[in-house]
Amino acid sequence: MWYNATSRSLIWDAGLVDDSPEEMNRRWWDERAGIHATSALYDLPSFRAGRSTLLPFELEELGEVADLTLLHLQCHIGLDTLSWSRLGAAVTGLDFSPPAIALARQVAAELDLEAEFVLATVEEAPHVLGRQFDIVYSGRGALCWLPSVQRWAEVVGQLLRPGGRLYLAEFHPLTDAMAGDEPRFEVDYREGSVVTDSSPGDYTDRDLETVNNDTFEWVHPLGSVVTALFQAGLVVEQLVEREETYFQRFPGLVAASPGVWQFPSDRPQIPLSYSLRASKPTR
Ligand SMILES: C[S@@+](CC[C@H](N)C(=O)[O-])C[C@H]1O[C@@H](n2cnc3c(N)ncnc32)[C@H](O)[C@@H]1O
């Protein structure tokens with residue numbers, strides 16, 4: 001597989017081992033699920049003891065979820081999904097990584113939390129789930145794994161019932177374009193820019209010895225996200241850019257509060273994350 005810089009596209013030949021970007025990313029995530037189960041960042045013991053992984057602004061901006069159906073796209077090991085379940089939502093988590101879904105199911109069973117976890121790609125979600133939801137939730141490192149934000153927005157539109165809401169709490173695409181360790185641009189801040197990486201380790205532990213290290217991520221500038229949602233028939237109600245992020249993405253970041261990272265106040269501040277709420281009109 002190779003990257004054609006002129007056409008800005010990935011070209012690959014599927015041989016015996018599927019080396020499409022989706023499959024290489026899946027292998028990366030399959031290996032990380034087990035690593036995350038014992039990592040300090042995901043901190044399963046405190047989650048089991050009742051910690052919520054949701055941030056205060058998410059609860060405030062999405063509002064009451066009790067008795068609503070909530071689909072979490074790209075749910076990973078299910079901690080955010082189960083945090084919504086603890087607040088009374090009827091939750092479904094969906095992810096394409098078998099070990100992640102297996103772990104999510106195991107944690108739900110251990111904690112006796114109501115939740116359904118489905119193994120599928122985002123692309124397959126409307127067909128596999130075959131129903132609509134009051135809320136679609138996603139974020140914190142989800143969109144960058146999908147090559148087409150237009151397709152993602154269409155899928156969200158299909159999965160929401162009329163009157164339903166999308167809530168997205170995502171890392172800022174500026175930081176996806178700043179692909180290296182230092183906060184400087186490494187690829188174009190432009191729709192479809194591809195960030196390739198082959199570094200061993202993980203965002204929970206950079207020194208870890210890992211086998212599957214090739215990843216492909218895509219930059220989706222905020223304008224692309226909002227336009228794709230508009231074209232999918234959704235109404236964007238709120239978009240907030242935040243000068244904080246939720247892991248130490250760049251070495252220069254300092255901890256502002258547990259799990260929240262910012263640049264020091266004597267440095268220029270840039271948005272590091274954003275949240276967006278949109279709704280599907282009733283007709
Ligand atoms: C960073 S995690 C999601 C964020 C979540 N808040 C977390 O950290 O627990 C990204 C997830 O996207 C999933 N993923 C990547 N590409 C996908 C696709 N095409 N369809 C479904 N899931 C995908 C990965 O398996 C991974 O679990």
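Because the structure is predicted, anything quoted here is derived from the model rather than measured. (Residues numbered from 1 in each chain as written. Predicted model: local features only at pLDDT ≥ 70, side-chain atom pairs only at ≥ 80, totals over all residues. Heavy atoms only, no water.)

Caption draft 1: Region of the structure containing the sheet that holds strand E5 (residues 116-119). The mixed open sheet is built from seven strands, whose spatial order is E5-E4-E3-E6-E7-E13-E10. Looking along the sheet, the strands with just one partner apiece sit at the ends: E5 and strand E10 (235-242). For this sheet, the mean angle separating the axes of adjacent strands, direction not counted, is 15 degrees. When strand E4 (residues 90-95) meets E5, the two strands line up parallel, connected through four bridges. Along E5, the bridge assignment pairs Thr-92 with Glu-116. Its contacts with the sheet place helix H5 (residues 98-110) against E4 and E5, and it is angled at close to 170 degrees to E5. Helix H7 (residues 149-159) rests against strand E3 (69-73), strand E6 (133-139) and strand E7 (160-171) of the sheet, and its axis sits at about 140 degrees to E7. (Pairing = 2+ DSSP bridges. Helix = DSSP H or I, 4+ residues; strand = E, 2+ residues; numbered from the N terminus. Axes fitted to C-alpha atoms, helices over the stretch in contact; angles between N-to-C directions. Contact = heavy atoms within 4.5 Å.)

Caption draft 2: Expanded view of helix H1 (residues 21-37). For H1, with 17 residues, the first-to-last C-alpha span of 25 Å sits near the 24 Å given by 1.5 Å per residue. With 12 of 17 residues buried, H1 is to be regarded as a mostly interior element. Of the residues making up H1, those classed as buried are Pro-21, Glu-23, Met-24, Asn-25, Arg-26, Trp-28, Trp-29, Glu-31, Arg-32, Ala-33, Ile-35 and His-36. (Expected span 1.5 Å × (residues − 1). Buried < 20%, exposed > 50% of the residue type's maximum accessible area, 1.4 Å probe, protein only.)

Caption draft 3: Representation of the pattern of salt bridges. All chains considered together, the criterion is met by 16 salt bridges. Ionic pairing is found between Arg-161 and Asp-134, a salt bridge with its closest N-O pair at 2.5 Å. Residue Arg-161 is located in strand E7, and its partner Asp-134 is located in strand E6; the two are separated by 27 residues in the primary sequence. Relative accessible area serves as the criterion here: at 32%, Arg-161 is assigned to the partly exposed category. Given the relative accessible area of 13%, Asp-134 is considered buried. Here the residues in one salt-bridge network are Glu-22, Glu-23 and Arg-26, joined through shared partners. (Salt bridge = Lys/Arg side-chain N within 4 Å of Asp/Glu carboxyl O.)

Caption draft 4: Broad picture of unusual backbone geometry. Phi is positive for Asp-43, which is not a glycine, with a value near 45 degrees. Its place among the elements puts Asp-43 in the loop between H1 and helix H2 (44-48). One non-glycine residue, Gln-74, lies in positive phi territory at about 60 degrees. With respect to the helices, strands and loops of the structure, Gln-74 is situated in the loop between E3 and helix H4 (79-86).

Caption draft 5: View of the site of the ligand. Near the ligand there are 17 residues, and of these Tyr-42, His-76, Asp-80, Asp-95 and Val-122 occur at the shortest range. Side-chain polar atom of Tyr-42 to an oxygen atom of the ligand: 2.7 Å apart, as the coordinates give it. In this structure, a nitrogen atom belonging to the ligand sits 3.1 Å away from a main-chain N or O atom of Val-122. Contact with the protein chains covers 94% of the free accessible surface of the ligand, which is 590 Å². Along the lines of polarity and charge, the residues of the shell around the ligand split into eight nonpolar, six polar and three charged. (Near = heavy atom within 4 Å. Polar contact = N/O pair within 3.5 Å; in protein donor to acceptor, adjacent residues only side chain to side chain. Areas by Shrake-Rupley, 256 points an atom, 1.4 Å probe, with all protein chains shown as cover. Nonpolar A, V, L, I, M, F, W, Y, C, P; charged D, E, K, R; others polar.)

Caption draft 6: Spatial organisation of the packing of H1 against H5. The geometry of H1 relative to H5 is characterised by a closest axis approach of 7 Å and an angle of 35 degrees between their N-to-C directions. Along its contact with H1, which presents Asp-30, Ala-33 and Ala-37, the element H5 presents Pro-98, Pro-99, Ala-100 and Leu-103. Counted by class, the contact of H1 with H5 contains six nonpolar, no polar and one charged residues.

Caption draft 7: Inspection of the packing of aromatic side chains at higher detail. Inspection of the entire model under this criterion finds 12 aromatic pairs. Ring centres 6.2 Å apart and planes at 65 degrees place the aromatic pair Trp-29 and Tyr-203 in the edge-to-face group. Taken together, the positions of Trp-29 in helix H1 and Tyr-203 in the loop between strand E8 (194-197) and strand E9 (215-218) put the pair 174 residues apart, joining distant regions of the chain. Residue classification places Trp-29 among the buried residues on the basis of a relative accessible area of 11%. Classification of Tyr-203 by relative accessible area gives partly exposed; the value is 27%. Here a set of aromatic residues connected by ring pairs shows up, and it is made of Trp-28, Trp-29, Tyr-42, Trp-145, Phe-171, Tyr-203 and Phe-247. (Phe/Tyr/Trp six-rings, centres within 6.5 Å; stacked < 30°, edge-to-face > 60°.)

Caption draft 8: Layout of the nonpolar core. Of all hydrophobic cores here, the largest spans 29 residues; its most connected members are Leu-73, Trp-152, Leu-159, Leu-166 and Val-225. Contributions of two or more residues to this core are made by E3, helix H6 (125-129), E6, H7, E7, helix H9 (222-231) and strand E13 (273-279). At six residues, H7 tops the list of elements feeding residues into this core. Excluding residues that lie within four positions of it along the chain, Leu-166 makes contacts with Val-136, Trp-152, Val-156, Leu-160, Leu-229, Leu-276, Arg-277 and Ala-278. By size, the runner-up hydrophobic cluster in this structure holds 17 residues, among which are Leu-55, Phe-57, Ala-89 and Tyr-137. (Core = buried A, V, L, I, M, F, W, Y, C linked by side-chain atoms within 4.5 Å.)

Function-wise, these values are silent; they only describe arrangement.
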